[in-house]
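Architecture at a glance
For reference, the chains in residue letters:
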Amino acid sequence: MTIAETIYELVNQLPEEQAKLVWLFAQFIQQKTQTPTGQRFIPAGTLTSLRGIAKQPGAALTDESLTNNYTDYLIQKYQ
């Protein structure tokens, strides 16, 4: 008997809700093996609406400018 047949017999004896959990887990494993290593699965459209939300118009800020801005923010917040 193959592993697939053994799993089928076991799942066939489970209540419907538990069988669905096994099915979802199998889909998760399949998806994980199809996704290249180091990449996470992010559903399409999840980040689309966030694109550019943190980007300020104009030239990019320097590290010093970012540090100063954050320091000013913290000073104002905790005074």
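Whatever comes next refers back to the structure up there.
Report on the accompanying structure. (Residues numbered from 1 in each chain as written. Predicted model: local features only at pLDDT ≥ 70, side-chain atom pairs only at ≥ 80, totals over all residues. Heavy atoms only, no water.)

**Observations concerning the overall build of the protein**
- Across its full length, the protein holds three helices and zero strands.
- Out of the 79 residues in the protein, the part that is buried amounts to 1%.
- Surface exposure of the protein reaches about 7800 Å², of which carbon and sulfur atoms provide 59%. (Helix = DSSP H or I, 4+ residues; strand = E, 2+ residues; numbered from the N terminus. Buried < 20%, exposed > 50% of the residue type's maximum accessible area, 1.4 Å probe, protein only. Areas by Shrake-Rupley, 256 points an atom, 1.4 Å probe, with all protein chains shown as cover.)

**Some words on a nonpolar patch on the surface**
- On the surface, Ile-3, Ile-7, Leu-14 and Val-22 cluster together into a nonpolar patch covering about 330 Å² of accessible area.
- Within the element layout of this structure, Val-22 appears in helix 2 (residues 16-34).
- What makes Val-22 partly exposed here is its relative accessible area of 32%. (Patch = residues over 30% accessible without salt bridge, like charges linked within 9 Å, V, L, I, M, F, W, Y side chains within 5 Å. Salt bridge = Lys/Arg side-chain N within 4 Å of Asp/Glu carboxyl O.)

**Here's the deal with the environment of Val-11**
- Looking at the secondary structure, you find Val-11 in helix 1 (residues 3-13).
- Overall, Val-11 belongs to the partly exposed group, its relative accessible area being 21%.
- Between the C-alpha atom of Val-11 and that of Leu-21, which follows or precedes it by 10 residues, the distance is 9.8 Å.
- When residues no more than four places from it in sequence are discounted, the contact partners of Val-11 are Ala-19 and Val-22. (Contact = heavy atoms within 4.5 Å.)

In short, shape yes, function no, at least from these values alone.
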